[in-house]
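Summary of the model geometry
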Amino acid sequence: SSTRYKIRNPRATTLVFYSGNKVIAGTKSASLSLLAHHSFNKLISGIVGVRSTLDHSFKIQNIVSSCHYGYKVDIDAVAKAYPDQFSYDPKLFPGARGRLENLTTSVLLFSSGNGVITGAKKEQEIIQTFTTINKMIKPFFLERSYPTCHKTTKYNSVNKFVDKFGSIKDTL
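The present account deals with the structure reproduced in this document. Predicted model, so just to flag it, every value in this text is computed and none were measured.

Details of the overall build of the chain
- Each helix and strand in the chain was counted, giving three helices and 13 strands.
- Here the contacts in the chain between residues at least 6 apart in sequence split such that 44% fall between residues at least 24 apart.
- Accessible surface computed for the chain: about 12000 Å², of which carbon and sulfur atoms make up 54%.

Here it is, written out as structure tokens:
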């Protein structure tokens, strides 16, 4: 069994197990994960009433990242062109599952152009996976698309966003 705790800065959630192990989720970077790790240690030691002097090891096990390729994608054609790397059955799941032999990560690719990359231990692996998949699926791009973001804001890949009225604005 485990106990769940949440903190607001950095925004994170942890599961603390009876063995003392923690699983931290919800942060946006490796450095924020480390900060959350220390924040949870302080929170838990305050609850328990004892500050542990043990080495609280910190190790990233899995990075999950969402991405957008900028175009709608014909995922049926991708799965047919790369049957060893992608599997797609729309009756079971709306996205194509991809795994490349030379990468430790895996990808979920959706027809909207959105993707989820998982299985990385370093942020560089996410970037490598994104660029590799992007090169593979480029011939299967359809019309341009934009990812949906918080509420009615949409972003594109040149540090600008399109507001709900269709006006293009610079990001900070």
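Section: the pairing of strand 1 (residues 2-8)
- Of the strand pairs in this sheet, strand 1 and strand 2 (residues 11-17) are connected by seven bridges, and their pairing is antiparallel. The residue bridging R4 from the neighbouring strand is L15, located in strand 2.
- Here strand 1 folds back onto strand 2 in antiparallel fashion, the turn holding two residues.

Some details on the environment of L15
- Within the secondary structure, L15 is located in strand 2.
- Given a relative accessible area of 32%, L15 falls into the partly exposed group.
- Sequence separation between L15 and T3 is twelve residues, and the spatial gap between their C-alpha atoms is 5.5 Å.
- The residues touching L15, leaving out its near neighbours within four places in the chain, are S2, T3, R4, N21, K22 and V23.

Here's the deal with the sheet that holds strand 2
- Read across the sheet, three strands follow the order 1-2-3 without closing on themselves; strand pairing throughout is antiparallel. Sheet topology places strand 1 and strand 3 (22-25) at the edges, where each strand pairs with a single neighbour. If you compare each strand with its neighbour and ignore which way they point, the axes differ by 20 degrees on average.
- Relative to strand 3, strand 2 runs antiparallel, the two sharing four bridges. Bridged to V16 within strand 3 is K22.

Topic: the side chain of S33
- Its place among the elements puts S33 in helix 1 (residues 30-48).
- Among the polar contacts listed, one links the side chain of S33 to the side chain of T27, at a separation of 2.5 Å.
- For S33, the residues in contact, after removing those within four places along its chain, are I24, T27 and F58.

Things to note about the packing of aromatic side chains
- Taken as a whole and judged by the stated rule, the model has four aromatic pairs.
- Relative to F140, the ring of Y82 has its centre 6.4 Å away and its plane inclined at 80 degrees; by these criteria the two rings are edge-to-face. Here the residue Y82 occupies a position in the loop between helix 2 (75-81) and strand 6 (86-87), and F140 occupies one in the loop between helix 3 (123-137) and strand 10 (141-144), the gap between them amounting to 58 residues.
- A relative accessible area of 25% places Y82 in the partly exposed class.
- Overall, F140 belongs to the buried group, its relative accessible area being 17%.
- Above the face of the Y71 ring, R144 is positioned so that its terminal group lies 5.1 Å from the ring centre.

What about the sheet that holds strand 6?
- Strand order in the open sheet made by the five strands is 4-9-8-7-6, with antiparallel pairing throughout. A strand with exactly one partner marks an edge of an open sheet, and here the two such strands are strand 4 (63-68) and strand 6.
- Where strand 6 and strand 7 (residues 95-99) come together, two bridges link them in antiparallel fashion. Its bridge partner being in strand 7, S87 is matched across the sheet by R97.
- Taken strand by strand, helix 3 contacts strand 4, strand 6, strand 8 (106-110) and strand 9 (114-120), and its axis lies near 135 degrees from that of strand 9.

Thoughts on helix 1
- Look at helix 1: 27 Å from first C-alpha to last across 19 residues, which is about the 27 Å you get at 1.5 Å a residue.
- Listed as buried for helix 1 are S33, A36, H37, F40, N41, I44 and S45. Burial along helix 1 is one-sided: seen end-on, the buried residues are contained in an arc of 165 degrees. Every exposed residue of helix 1 that faces more than 90 degrees away from the buried side is listed here: S31, K42 and G46.

Here is what the cut-offs are and how they apply
Residues numbered from 1 in each chain as written. Predicted model: local features only at pLDDT ≥ 70, side-chain atom pairs only at ≥ 80, totals over all residues. Heavy atoms only, no water. Helix = DSSP H or I, 4+ residues; strand = E, 2+ residues; numbered from the N terminus. Contact = heavy atoms within 4.5 Å. Areas by Shrake-Rupley, 256 points an atom, 1.4 Å probe, with all protein chains shown as cover. Pairing = 2+ DSSP bridges. Buried < 20%, exposed > 50% of the residue type's maximum accessible area, 1.4 Å probe, protein only. Axes fitted to C-alpha atoms, helices over the stretch in contact; angles between N-to-C directions. Polar contact = N/O pair within 3.5 Å; in protein donor to acceptor, adjacent residues only side chain to side chain. Phe/Tyr/Trp six-rings, centres within 6.5 Å; stacked < 30°, edge-to-face > 60°. Lys NZ or Arg CZ within 6 Å of the ring centre and 35° of its normal. Expected span 1.5 Å × (residues − 1). Arc of directions from axis to C-beta.

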